[in-house]
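# Reading the structure
Below, each chain spelled out in residue letters.
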Amino acid sequence: MNLQDLNELKTKALNEAQSATDANAVEAVRIEYLARKGLLPKVMQELKNVPVEEKPLFGKAVNELKNELTELIKKKQAEFAGSAGSAGVGFDLTQPGQWQGLGTRHPITQITDRITQIFQTLGFTVADGPDVETVWNNFDALNTPADHPSRDEQDTFYLENGDLMRCHTSPVQVRYMMENKPPVRIISPGRCYRRDTPDATHSANFHQVEGLYVDENVSLADLKGTLSYFARELMGPDVKIRFRPHFFPFTEPSVEVDFTCHVCHGKGCRVCKNSGWIEILGAGMVDPNVFGSVGYDTSEVTGFAFGMGIERITMILYGIHDIRNLYENDVRFLSQF
Ligand code: DAH
């Protein structure tokens, strides 16, 4: 065999590969030329019979033929992959794509962010506090009497060193005022802990958002204005709020705040037990004893505070009937939000 024979072989091989019209034909060309017993290995063996002066050129030409043919066959294989007559595992362009599920933010996170955003537009900033608190921050500084039931070991988790797992976010008020001079305008979302037996509306671990506003001449009217704005932003423009007298150790006067029912808009339905109202949060004017604990001068400032349960609001907004749904991490549940 000489160089000219080789060139003819090359033209023939490339033509055959080029004109193959399905995967089987491509595979046949591959076997004919490139397989272990194919034509090209045979040609390589011929190399020893080629005249010495032609050897380098011949060797080079065989290599070129092999490379070009391999490339072309690869290209043709890709062209026919997945179609009828395909030899190997192919790529079926007609198959629907595989859906890779995107994660979603947990409903508790979504509502926490929403509440935070609303108060941020009013100039509140976010303050943070630890889950493990001192008895003083959690109870004493908040004017909670020594015999108040919430201090009971049956209600609050105490640690061996005498500290506790905070049972509300209110101690963040104390921390913040101890470290900052008035005016104060903060909200503080976070985890809370109580020794509750889990059921449809209770969990030993839940979330609250605390709010605190302290300045000169802050009044109950400011509290009402702030919470009305919050209610409308959260629930829609036609929601109304009402204050009901209540008692909290850390506020005086204290109120519970109801929103008109989001389902019947105040007409009365099953969800609001025909009252037209849904209880949403606790609030009041900061008790002078609390200001005394943190060293604020009660002749200079007044303030309001409020606290709300995030689970409760989330359940109301999304119509969730069992709080445990929020903690079970069932993707079928979570992916709905
Ligand atoms: N800490 C109260 C609770 O856990 C909620 C609360 C009520 C917070 C009134 C306040 C407030 O700041 O003024 O039920």
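Residues numbered from 1 in each chain as written. Predicted model: local features only at pLDDT ≥ 70, side-chain atom pairs only at ≥ 80, totals over all residues. Heavy atoms only, no water.

When you go through the chain residue by residue, the secondary structure sums to eleven helices and nine strands. In terms of C-alpha radius of gyration, the chain reaches 38 Å, well past the compact-globule figure of 20 Å for 337 residues. With the C-alpha coordinates aligned to their principal axes, the bounding extent of the chain is approximately 115 × 45 × 40 Å. Here the chain holds 337 residues, and the buried ones make up 40% of them. Put simply, the chain shows about 19000 Å² of open surface, and 51% of that area lies on carbon and sulfur atoms. (Helix = DSSP H or I, 4+ residues; strand = E, 2+ residues; numbered from the N terminus. Rg over C-alpha atoms; globule rule 2.2 N^0.38 Å. Buried < 20%, exposed > 50% of the residue type's maximum accessible area, 1.4 Å probe, protein only. Areas by Shrake-Rupley, 256 points an atom, 1.4 Å probe, with all protein chains shown as cover.)

What follows is about the site of the ligand. Taken together, 15 residues lie around the ligand, and His168, Gln173, Arg194, Gln208 and Glu210 are the ones closest in. A distance of 2.9 Å separates an oxygen atom of the ligand from a polar side-chain atom of Arg194. Calculation on the ligand without its partners gives an accessible area of 360 Å², and the protein chains cover 89% of this total. Elements with a minimum of two residues in the shell around the ligand: strand E5 (205-215), strand E8 (277-286) and strand E9 (302-309). Its residues assigned to classes, the shell around the ligand shows five nonpolar, eight polar and two charged. (Near = heavy atom within 4 Å. Polar contact = N/O pair within 3.5 Å; in protein donor to acceptor, adjacent residues only side chain to side chain. Nonpolar A, V, L, I, M, F, W, Y, C, P; charged D, E, K, R; others polar.)

Empty space within the second largest pocket amounts to approximately 160 Å³. As for the second largest pocket, its lining consists of 13 residues, and the residues nearest its centre are His106, Ile108, Thr109, Arg191 and His207. Of all elements in the fold, only helix H5 (107-121), strand E4 (184-193) and E5 reach the threshold of two or more residues within the lining of the second largest pocket. The biggest single contributor to the lining of the second largest pocket is H5, with four residues. For the lining of the second largest pocket, a count of residues per class yields five nonpolar, six polar and two charged. (1 Å grid on protein atoms, 1.4 Å probe; cavity = no way out; pocket = protein on both sides within 12 Å on 5 of 7 lines; lining within 4 Å. Points joined across faces, edges and corners; volume = space filled by probe spheres on them.)

For the chain, the domain assignment lists domain 1 (3-83) and domain 2 (107-334). The C-alpha-based centres of domain 1 and domain 2 are spaced at 79 Å. (Domains from an automatic or database assignment.)

What follows deals with the pairing of strand E6 (residues 241-248). Pairing of E6 with strand E7 (residues 251-260) involves seven bridges; the strand directions are antiparallel. Within the sheet, the bridge partner assigned to Arg244 lies in E7 and is Glu256. Where E6 folds back onto E7 in an antiparallel hairpin, the turn is made up of two residues. (Pairing = 2+ DSSP bridges.)

Spatially, seven strands are ordered E1-E4-E5-E9-E8-E7-E6 in an open sheet, and the strand pairing comes out mixed. Bordering the open sheet on either side are strand E1 (125-126) and E6, each of which pairs with just one other strand. Bridge count for E7 against E8 is eight bridges, and the pairing is antiparallel. Along E8, the bridge assignment pairs Val257 with Leu281.

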